[in-house]
Amino acid sequence: MSTTTLAVLVPVLPFLGAVAGLLLGRTAPGFVRPLAILPTLGAAVLAVFVAVRQGGGPPIETATELTPTGSVPIDLSLYLDGFAVLVAVLVGVVATCVQLYSTAYLRDDPRYPSYAALVSLFTSAMLVVVYSGDLMVLLVGWEVMGICSYFLVGHYWETEAARSASLKAFLVTKLGDVPFLIGLFALATDADSFQITKILGTVASGGLHHPTLIALLLLAGVAGKSAQFPLHTWLPDAMAGPTPVSALIHAATMVAAGIYFIARLLPVFEASRAALVVMAVMAAVTMIGSALAALAQDDIKRVLAYSTIGQLGYMTGALAVGDRAAAVFHLLSHGAFKALLFLGAGVIIHAAGTNSLAAMSRMDGLAKRIPDAFWTMTIALLALAAIPPFAGFFSKEAVLVAAEQTATGHSDTAPGAAGWLVLVAGVLTALLTAAYATRLWLMAFRGRGAAAPDHGKEPVAMTGVLWLLAIPTVGFGLAAGPLADWFGGRELTPTVATSVLGTGAALIGVVLTYGLWQRAAAKAAATAAVTARATSAPTPGTAPAGPAAGAPVPASVAAAESAALAAVESAAETPEVAEVTHEHPVVPAGPAPDPGRALLGPLHRHAADGFHLDAVYSRLFVRPVRAAATLVRFLDREVVDTYVRGAGAGPRLLGALVRRAQTGNVQSYLSALLAGAVVLAIATAVLANVNAGS
């Protein structure tokens, strides 16, 4: 079987699985799980075969005309280069892990059949985007992913959070898709084709007439799909969906699609140095802003969501300095450890009964209850913090090396300003990333208080997937050398300067966060002791329990108590989430040792609310649109409808008058006829006399 035939089967298999799952979900529920897992697993295996056969050599191309259009043709085409086949392997592996994990995670969910079918369709759409050599066919996969994300994020549609999150994700991404579509048509008009190879040939020959405009229009769509500033606000709210869906969206589909699109069409963006600077600014703001926001989140999934936004910012930064090998390398590395982080977070949520890190910090022994999640999450957080020798270290260093080369003038692909922006923002984000990764680990696994509930060992379908994903999380960075041919021959090895900068910043973040956590934990313990003494104080007339019972509270302890109580009041401790099926005891209220508050200081309140971007967008866009809609409704109901009602009232009035004359009395009719004849005769005579006199 040829390589192109195998490549065609890769997206077709999960699509057929989705169709079969939807058709048989109610009539034959026993086939739902095999139809969810086997086609996706088959697609992953075939994707590996395609990658091996492609071998990092010249791109494999094939095309057939889909339909004549009379102008720019649309073709069914494949374009398999080293980047495409590696990303397809990532999509297949992560989707298979998500399907396996979901069989246990959503085992009691009555809507599991439709969920599994949508995950398969989601996977198929992303594979179409990855393999397609024609932009219109790519657009089909692009939009199908948007529809699937709407339904999957809104899986728990009984809750207001899920309904609003799914609608927000759909609308914000569609807002970016409008200029994206215009940019695609403008690009195809200049190149006289939607085929990627012909477009790249046109760019190489200088045939693009408006490169900056086209690049910025396409960049708007990428910002929406890949959750980059300023269209990133939908992604944290999308955590209202099931946790396996979050893993799929964040690791291998949806948000990865925009980065992959730019990587595939990077020469189009390189044709405009202004567009590269805009991309660098977008990446820098996204990296730093999302890392600050992650430090202030209480929901464990929202921490990971902002983490995804920041890591996508690294990829965008690599593309802004013209290095798509570094961007795709980080995309692959990030896909492995981010899928592990989200699926591990699902195990934690199942065990703890809450998404709240503050609540987990008041549980003792959670790490011992879920040892598989503890160890694999630790590995994934080390990779996220870019600690060597984990995968995240090598891929992040590849981005920093690319930025350094551009900043120091060793690469003239992009402006030096873009290189400096990405380099400085990348190093600062490395410090912040290590800080919020350490904060998450300490608050989730080093809590103190009531014993964590024990529900026994988690299902093998969940824990086995975690260990499977831990393998590339540890070792993929070391595979950059053997896979150099698939990355266009690039040597993605760290340099001493960037390693010292990046790793040094990460270690500072770890040590600083740990020290602040210890101080916060000591204050919380002191506050708890004060509260315990206050609740056990003797009633009037009773002897004190000990010599210290009536001692005054030290000022430092009172201040600690006040700060801790304020932290508790403002912590967004979510109730037991819809995806948790165990019975969980209520976590006792109390102070939560959160180092993020000390790190951010007065910025914490703003960072926790995403720097109020939703409020800004509400004032700038939502309120004016609603006001305009109110005006249109008023004009429609009070002005247009008034004319319509008036047009109907006239004939109704005339009809009422005529109806009164229809009495059914023949004598009345004859009398009226005679009176009319007399009036006409008199009028005729008068007119005749007037005419004769004149």
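Residues numbered from 1 in each chain as written. Predicted model: local features only at pLDDT ≥ 70, side-chain atom pairs only at ≥ 80, totals over all residues. Heavy atoms only, no water.

A. Spotlight on the overall build of the chain. Scanning the chain from terminus to terminus reveals 27 helices and 4 strands. Projected onto the principal axes, the alpha-carbon positions of the chain cover approximately 125 × 90 × 55 Å. Counting every position in the chain, which comprises 694 residues, the buried fraction comes to 52%. In the chain, 82% of the contacts between residues at least 6 apart in sequence involve partners at least 24 apart. Accessible surface computed for the chain: about 29200 Å², of which carbon and sulfur atoms make up 69%. Taken together, the 39 basic and 39 acidic charged side chains of the chain have centroids lying 8 Å from each other. (Helix = DSSP H or I, 4+ residues; strand = E, 2+ residues; numbered from the N terminus. Buried < 20%, exposed > 50% of the residue type's maximum accessible area, 1.4 Å probe, protein only. Contact = heavy atoms within 4.5 Å. Areas by Shrake-Rupley, 256 points an atom, 1.4 Å probe, with all protein chains shown as cover. Lys, Arg positive; Asp, Glu negative; His and termini not counted. Charge placed at Lys NZ, Arg CZ, Asp CG, Glu CD.)

B. Broad picture of unusual backbone geometry. Omega for the peptide link from phenylalanine 229 to proline 230 comes to 10°, which places this bond in the cis form. As for its position among the elements, proline 230 is in the loop between α8 (211-225) and α9 (234-237). Cis geometry marks the peptide bond from proline 388 to proline 389, where omega comes out at 10°. Note that proline 389 resides in the loop between α18 (371-384) and α19 (391-407). Even without being glycine, aspartate 192 reaches a positive phi, approximately 60°.

C. Focus on helix α27 (residues 666-693). Compared with an ideal rise of 1.5 Å per residue, which puts 28 residues at 40 Å, α27 spans 41 Å between its outermost C-alpha atoms and is within 8% of the ideal. Counting buried residues along α27, only 0 of its 28 residues qualify, which leaves the element largely exposed. (Expected span 1.5 Å × (residues − 1).)

D. Just the packing of helix α2 (residues 32-54) against helix α4 (residues 112-131), in detail. Two elements in contact, α2 and α4, have axes whose closest approach is 9 Å; the angle formed by their N-to-C orientations is 15°. It follows from the interaxial angle that α2 and α4 lie roughly parallel. Every pair of crossing elements has a handedness; the one defined by α2 and α4 is left-handed. Within the contact between the two elements, α2 uses Val32, Arg33, Ala36, Thr40, Ala43, Ala47 and Val50 and α4 uses Tyr112, Pro113, Ala116, Ser120, Thr123, Leu127 and Tyr131. Residues of the contact of α2 with α4, tallied by class, amount to 10 nonpolar, 3 polar and 1 charged. (Axes fitted to C-alpha atoms, helices over the stretch in contact; angles between N-to-C directions. Parallel < 35°, antiparallel > 145°, perpendicular 65-115°, else oblique. Left-handed = near helix turned anticlockwise from the far one by under 90°. Nonpolar A, V, L, I, M, F, W, Y, C, P; charged D, E, K, R; others polar.)

E. Highlighting the pattern of salt bridges. According to the stated counting rule, one finds 11 salt bridges in the structure shown. Between aspartate 237 and lysine 168 there is a salt bridge, with the nearest N and O atoms lying 2.6 Å from each other. Pair noted here: aspartate 237 is in helix α9 and lysine 168 is in helix α6 (residues 160-191), with a separation of 69 residues, a long-range link. Accessibility expressed as a relative area gives 23% for aspartate 237, which makes it partly exposed. With a relative accessible area of 18%, lysine 168 lands in the buried category. Each of Lys168, Asp237, Arg302 and Asp614 takes part in salt bridges that share partners, so that together they form one network. (Salt bridge = Lys/Arg side-chain N within 4 Å of Asp/Glu carboxyl O.)

F. Representation of empty space enclosed by the protein in the model. Enumeration over the complete set of coordinates arrives at 4 cavities of 30 Å³ or more. Within this model, the largest cavity holds a volume of roughly 50 Å³. What lines the largest cavity is simply Gln311, Tyr314, His330, Ala383, Leu384, Ala386, Gly392, Lys396, Ala430 and Thr433. Where the lining of the largest cavity is concerned, the elements lending two or more residues are α14 (300-320), α18, α19 and α20 (416-445). Of the residues contributing to the lining of the largest cavity, the split by class is 5 nonpolar, 4 polar and 1 charged. Looking at the second largest cavity, the residues that line it are Gly17, Ala18, Gly21, Val32, Leu35, Ala36, Pro113, Ala116, Ala117 and Ser120. For the lining of the second largest cavity, the elements supplying multiple residues, two or more each, are α1 (3-24), α2 and α4. (1 Å grid on protein atoms, 1.4 Å probe; cavity = no way out; pocket = protein on both sides within 12 Å on 5 of 7 lines; lining within 4 Å. Points joined across faces, edges and corners; volume = space filled by probe spheres on them.)

G. Inspection of the packing of aromatic side chains at higher detail. Counting across every chain of the model gives 17 aromatic pairs. A centroid spacing of 5.1 Å and a plane angle of 75° characterise the contact between phenylalanine 393 and phenylalanine 394, whose relative ring orientation is edge-to-face. Through a chain of ring-to-ring contacts, three or more aromatic side chains come together here, namely Phe83, Phe329, Phe476 and Phe487. Lying across the ring of tyrosine 112, arginine 33 places its NZ or CZ 4.6 Å from the centre. (Phe/Tyr/Trp six-rings, centres within 6.5 Å; stacked < 30°, edge-to-face > 60°. Lys NZ or Arg CZ within 6 Å of the ring centre and 35° of its normal.)

H. Looking closely at the state of the cysteines. Throughout the structure, instances matching the rule amount to 0 disulfides. With no disulfide of its own, cysteine 97 lies 19 Å from the sulfur of cysteine 148, the closest cysteine sulfur. Under the relative-accessibility criterion, cysteine 148 is labelled buried at 1%. (Disulfide = S-S within 2.5 Å.)

I. Layout of the nonpolar core. Grouped together as the largest cluster of nonpolar side chains are 202 residues, with contacts concentrated most on Tyr131, Leu135, Phe261, Leu265, Val268, Phe269 and Phe487. Residue contributions to this core peak at 19 residues, all from helix α15 (residues 324-352). Sequence-distant contacts of leucine 135, that is, excluding residues within four places in its chain, are made with Leu184, Leu187, Phe194, Ile196, Ile199, Phe261 and Leu265. (Core = buried A, V, L, I, M, F, W, Y, C linked by side-chain atoms within 4.5 Å.)

Read these as layout, nothing more, since geometry by itself doesn't imply function.
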